[in-house]
Amino acid sequence: MPAGQTAPNAAWGQVSSKFIRREAALAASDAKHARIIAQRFALLRTRILREMRSRGWRKLAVVPVTPGAGGTFVAVNLALALARQPHTRVALIDFDLGRPGVAGQLGIPGCTAVSAALREGGDLGRLVSRVNEAPNLSVLAPERAEPNAAELLQDEALAQAMTRLHDNRPVEISIIDTAALLDQDAALAALPLTDALLLVADGRRGTAADMEECERLLAGMPPVMGVVLNKSED
């Protein structure tokens, strides 16, 4: 590296995921169930990766339609499926800043606040950690909620920090977990930071009216790649 510079991954911390270890133990005891889950996310991964590569997109927002639809669950499992590709480096970014859940889902220590990083120079890279059990996966998962999440997500300083993060780090695709679209305005505030969207609908409680409202709200936003029907019995 040139004098005064460090390798892209040198500053990244290391974390260990209780979720991945627990899922590995469950797979050993219930191989059939684990295989079904893995197959479903592998299929989603293949379709997402092919489309994003063909269009030159790098940032995918996983957007739950309503609170409790399971957006974080889908974001985490999709990121893990992508990271299992030998040469695909993935970042999982929790931008549900009002109710961050990625650190809890993965069972890892959360990082310090995004707002603090912006005040101290705008280096989001120092909030990123590599996951020991998934070497191709890095995470930016705040530990605590931000009091003004929507305002922070619309701050030009955050947009610039995101650009620097992707320019300086060897990540092919980022999976961005967002707030629920039909809850508050935090989800809409995050979407312009992304290239494409994947909606997650509640297969038990979602309604046609919900999807119609989503269509209205998403006018002028990045394109929707598809809709995952979560919690469905089918």
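Residues numbered from 1 in each chain as written. Predicted model: local features only at pLDDT ≥ 70, side-chain atom pairs only at ≥ 80, totals over all residues. Heavy atoms only, no water.

Looking now at the environment of alanine 190. Topologically, alanine 190 is positioned in helix H8 (residues 186-190). Distance in space between the C-alpha atoms of alanine 190 and alanine 149 is 9.4 Å, their sequence separation being 41 residues. In contact with alanine 190, other than residues within four places in its own chain, are Leu153 and Thr178. (Helix = DSSP H or I, 4+ residues; strand = E, 2+ residues; numbered from the N terminus. Contact = heavy atoms within 4.5 Å.)

Attention now moves to the pattern of salt bridges. The tally for this structure, following the rule as stated, stands at eight salt bridges. Of the charged contacts, one joins glutamate 133 and arginine 21 as a salt bridge, the two residues approaching to 3.4 Å between their closest N and O atoms. On the criterion of sequence distance, the pair formed by glutamate 133 in the loop between strand S4 (129-131) and strand S5 (134-140) and arginine 21 in helix H1 (residues 18-29) is long-range, its members being 112 residues apart. Its relative accessible area of 41% is what places arginine 21 among the partly exposed residues. (Salt bridge = Lys/Arg side-chain N within 4 Å of Asp/Glu carboxyl O. Buried < 20%, exposed > 50% of the residue type's maximum accessible area, 1.4 Å probe, protein only.)

Counting residues in each nonpolar core, the largest one holds 39 residues, and the members touching the most others are Phe95, Val114, Leu124, Leu140, Leu153 and Leu158. Residue assignment for this core shows that the elements contributing at least two residues are strand S2 (59-64), strand S3 (90-94), helix H5 (114-119), helix H6 (149-153), helix H7 (156-168), H8, strand S7 (196-202) and helix H9 (208-217). Those residues in contact with leucine 124 that sit more than four places away from it in its chain are Val114, Ala117, Leu118, Leu140, Leu158, Ala161, Met162 and Leu165. Grouped together as the second largest cluster of nonpolar side chains are 38 residues, Ala69, Ala75, Val90 and Ala196 included. (Core = buried A, V, L, I, M, F, W, Y, C linked by side-chain atoms within 4.5 Å.)

Counted residue by residue, S3 has five buried out of five residues, so it is predominantly covered. Burial of the side chains of S3 extends over both faces: Val90, Leu92 and Asp94 are buried on one face and Ala91 and Ile93 on the other. Pairing of S3 with S5 involves four bridges; the strand directions are parallel. Bridging across to S5, leucine 92 finds its partner in valine 139. Here five bridges tie S3 to strand S6 (residues 173-177), and the two strands are oriented parallel to one another. (Pairing = 2+ DSSP bridges.)

This part is about the confidence of the model for the protein chain. For the protein chain, per-residue confidence averages 89 on the pLDDT scale, and residues scoring 70 or more make up 93% of the total. Contacts from residues 1-11, a stretch scored under 50 in pLDDT, to residues over four places away or in other chains number nine contacts. (pLDDT = per-residue confidence, 0-100.)

Once that is clear, we can look at the pairing of S5. Most of S5 sits out of view: six of its seven residues are buried. Alignment of S4 against S5, held across three bridges, turns out to be antiparallel. When the bridges of S5 are listed, arginine 130 appears paired with serine 138. Hairpin connection, S4 to S5: the antiparallel pair is bridged by two residues.

All right, on to the environment of alanine 27 then. Tracing the sequence through the fold places alanine 27 in helix H1. Sequence separation of alanine 27 and alanine 38 is eleven residues, and the distance between their C-alpha atoms is 10.0 Å.

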